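Structural overview
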Amino acid sequence: MKHKKSAKKANTNLTHIYLNDKNITQIANIYPTKRILVLYLHNNQISRIEKLGGFTHLTHLYLQWNNIRKIENLDGLKNLKQLYLGYNKIAKLENLGNLKKLEQIHIERQLLDGAARFDFDEDCMKALANHLKVLNIKKLKLTHMSALEPLWKLEVLLASENNFKSTDDITPVISALYSLRVLDLQGCVAQKDVHYREKVTAAAGHKLLLLDGKMISQSTRNFIKNFQTIKQEKKRRELAANGEEKAKTADNSKCSLDSSIGSEGTFAAGGGHIRGHFPTNSLFQVTPRRPVCPRIPRKPVVRSPVLLKTMSAHFGDEMFGRAEIRGLDAGLVMSERGTLSNNNGVMLQGKVMKAEVPVFKDKIRVQRKVQSLPSID
């Protein structure tokens, strides 16, 4: 009786079932219990996933190294956290949107026939975005990872030995994976690019800790930071230079347009009318130049010697005083009232001056010198 009770307890307390390496061709005759958490079915000949809906408490399912061609019949595993499907013949990652607790998917190295390529279902990837943390896609011959952009909670991405040719195929997706901490891209062609490690680290951000099995040092992060600032400054200068070049080309085109218009048009010198062809609707507003007007020579201003020599009353008094000394050299006659008179003279400030005989400064200076000489008695 004691032996039967212990056997019964052992059956009820069973949490792991090991059915690996048994050459099983189909999943059958497995009685599900509430306590079973891990099911090992790897390394068999299973061709289809079926009869697992009763394992509602299952958290780990191992189905690698089989002949499975499609992911199906897993909607009942509501508590499944880790799914292992590597080394099968699956061509598409799909039908996993209802597994809200799924955190790890291992679907590496699918043995596909001919030219078939592995693909991702967009709806499935969007459904997995809020809880998937680990994704293993090694050796799938992938050329791009654009389907992984929705996985913003992904922390570990194992994508080694794929056909990524350059870092441009990787960095846009990596920059969208905000929570990424571990990234493995060993064996890819993109790993040979110049500054590959720096570019990938810069795209992943500060949360990335491990790249291709090596820790990212602080010196690498500092170098990347300086490299990014230099790159941004270079881009800013290039944009500024391009703007200046565009402005210069615009000015040159405008000048060439003006010159072409000037060569086509003709100006009439007499009436100032414009002849020729000028475009009305053009990119630049062109206005024809006015014809050059010929300069008309002005007549010289002839000033009267009276105005030149009589700028003030004092000057006039001095001039007439000296004319009285000279006598008749200036052609003037003294009247009885003390004023000078002449038949050809004019009245100015109560005095009569002759306009035809101007008194020049040189003569005045000579007369001053003569007056300044000492007299000999």
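Residues numbered from 1 in each chain as written. Predicted model: local features only at pLDDT ≥ 70, side-chain atom pairs only at ≥ 80, totals over all residues. Heavy atoms only, no water.

1. A look at the environment of Ala-28
- Relative to the helices and strands, Ala-28 is located in the loop between strand 1 (16-18) and strand 2 (38-40).
- On the basis of relative accessibility, which here comes to 26%, the residue Ala-28 falls in the partly exposed class.
- Put simply, Ala-28 and Glu-50 are 22 residues apart on the chain and 8.4 Å apart in space, counted from C-alpha to C-alpha. (Helix = DSSP H or I, 4+ residues; strand = E, 2+ residues; numbered from the N terminus. Buried < 20%, exposed > 50% of the residue type's maximum accessible area, 1.4 Å probe, protein only.)

2. Side note on the environment of Lys-101
- With respect to the helices and strands, the residue Lys-101 is situated in the loop between strand 5 (92-93) and strand 6 (104-106).
- The class for Lys-101 is partly exposed, based on a relative accessible area of 42%.
- In the structure, Lys-101 is positioned 29 residues away from Asn-130 in sequence and 9.4 Å away in space, judged by C-alpha atoms.
- Non-local contacts of Lys-101, meaning those with residues more than four positions away in its chain, are made with Lys-78, Asn-79, Leu-80, Lys-81 and His-131.
- Looking at Lys-101, its side chain comes within polar contact range of the side chain of Asn-79, at 3.0 Å. (Contact = heavy atoms within 4.5 Å. Polar contact = N/O pair within 3.5 Å; in protein donor to acceptor, adjacent residues only side chain to side chain.)

3. With respect to the environment of Arg-69
- Tracing the backbone shows Arg-69 in the loop between strand 3 (60-62) and strand 4 (82-84).
- Relative accessible area serves as the criterion here: at 48%, Arg-69 is assigned to the partly exposed category.
- On a C-alpha basis, the gap between Arg-69 and Ile-49 in space is 9.1 Å, while along the polypeptide they are 20 residues apart.
- The contacts of Arg-69, once residues within four sequence positions are left out, are Ser-47, Lys-89, Ile-90, Ala-91 and Asp-113.

4. Some words on the side chain of Gln-104
- Counting through the fold element by element, Gln-104 comes out in strand 6.
- We classify Gln-104 as buried; its relative accessible area is 19%.
- With sequence-adjacent residues up to four places away left out, Gln-104 is seen in contact with Lys-81, Gln-82, Leu-83, Tyr-84, Leu-132 and Val-134.

5. Section: the confidence of the model for the protein
- Here the protein shows a mean pLDDT of 76. Residues at 70 or above account for 63%.
- Low pLDDT (under 50) marks residues 264-279, which in the prediction has 21 contacts with non-local residues, meaning those over four places away or in another chain.
- For the stretch residues 328-343, pLDDT sits under 50, and the model shows 25 contacts to residues farther than four places along the chain or on other chains. (pLDDT = per-residue confidence, 0-100.)

6. Some remarks on the nonpolar core
- Ranked by size, the top nonpolar core spans 62 residues in total, and within it Leu-61, Leu-74, Leu-96, Ile-137, Leu-148, Leu-151 and Leu-157 carry the most contacts.
- Contributions of two or more residues to this core are made by helix 2 (122-128), helix 3 (171-176) and helix 4 (196-204).
- The greatest single-element share of this core, amounting to four residues, is contributed by helix 4.
- Not counting chain neighbours up to four residues away, the residues in contact with Leu-157 comprise Leu-135, Ile-137, Met-145, Leu-148, Leu-177, Leu-180, Val-182, Leu-183 and Asp-184. (Core = buried A, V, L, I, M, F, W, Y, C linked by side-chain atoms within 4.5 Å.)

7. A few points about the packing of aromatic side chains
- Taken as a whole, this structure holds five aromatic pairs when the rule is applied.
- Aromatic side chains Tyr-18 and Tyr-40 sit 4.5 Å apart centroid to centroid with 5° between the ring planes, which places their arrangement in the stacked category. Taken as a pair, Tyr-18 in strand 1 and Tyr-40 in strand 2 lie far apart in primary sequence, 22 residues in all.
- Residue classification places Tyr-18 among the exposed positions, given a relative accessible area of 52%.
- Judged by its relative accessible area of 16%, Tyr-40 falls in the buried class.
- Measuring from ring centre to ring centre gives 4.4 Å for Tyr-62 and Tyr-84, while their planes differ by 10°; the resulting arrangement is stacked. Placement of Tyr-62 in strand 3 and of Tyr-84 in strand 4 is noted, with a sequence separation of 22 residues between them. Comparing Tyr-62 with Tyr-84 shows no difference in burial state: the two are buried.
- Aromatic rings pair up to connect Tyr-18, Tyr-40, Tyr-62 and Tyr-84 into one cluster. (Phe/Tyr/Trp six-rings, centres within 6.5 Å; stacked < 30°, edge-to-face > 60°.)

8. Brief notes about helix 4
- Looking only at helix 4, the buried set comprises Tyr-196, Val-200, Thr-201, Ala-203 and Ala-204. Along the long axis of helix 4, the arc covered by the buried residues comes to 165°, so they all point the same way. (Arc of directions from axis to C-beta.)

9. Points about the pattern of salt bridges
- The tally for this structure, following the rule as stated, stands at four salt bridges.
- For Asp-113, the salt bridge is made with Arg-69, and the minimal N-O distance between the two is 3.7 Å. Pair noted here: Asp-113 is in the loop between strand 6 and strand 7 (119-120) and Arg-69 is in the loop between strand 3 and strand 4, with a separation of 44 residues, a long-range link.
- In this structure, the salt-bridge partner of Glu-233 is Arg-236, at a minimum N-O distance of 2.3 Å. You can see Glu-233 and its partner Arg-236 sitting in helix 5 (residues 218-264), three residues apart, about one turn around the helix.
- The class for Arg-236 is partly exposed, based on a relative accessible area of 47%. (Salt bridge = Lys/Arg side-chain N within 4 Å of Asp/Glu carboxyl O.)

10. Re unusual backbone geometry
- Within the chain, Tyr-87 stands out as a residue other than glycine whose phi angle is a positive 60°.
- Topologically, Tyr-87 is positioned in the loop between strand 4 and strand 5.
- With a relative accessible area of 21%, Tyr-87 lands in the partly exposed category.
- One non-glycine residue, Asn-95, lies in positive phi territory at about 55°.

11. Some details on the side chain of Gln-110
- Note on placement: Gln-110 falls in the loop between strand 6 and strand 7.
- You can call Gln-110 buried: its relative accessible area is 6%.
- At a separation of 3.3 Å, a polar atom in the side chain of Gln-110 contacts the main-chain amide nitrogen of Asn-88.
- A polar atom in the side chain of Gln-110 sits 3.2 Å from the backbone oxygen of Ile-107.
- Ignoring any residue separated from it by four or fewer positions in sequence, one finds Gln-110 in contact with Leu-85, Gly-86, Tyr-87, Asn-88, Lys-89, Ile-90, Phe-118, Lys-139 and Leu-140.

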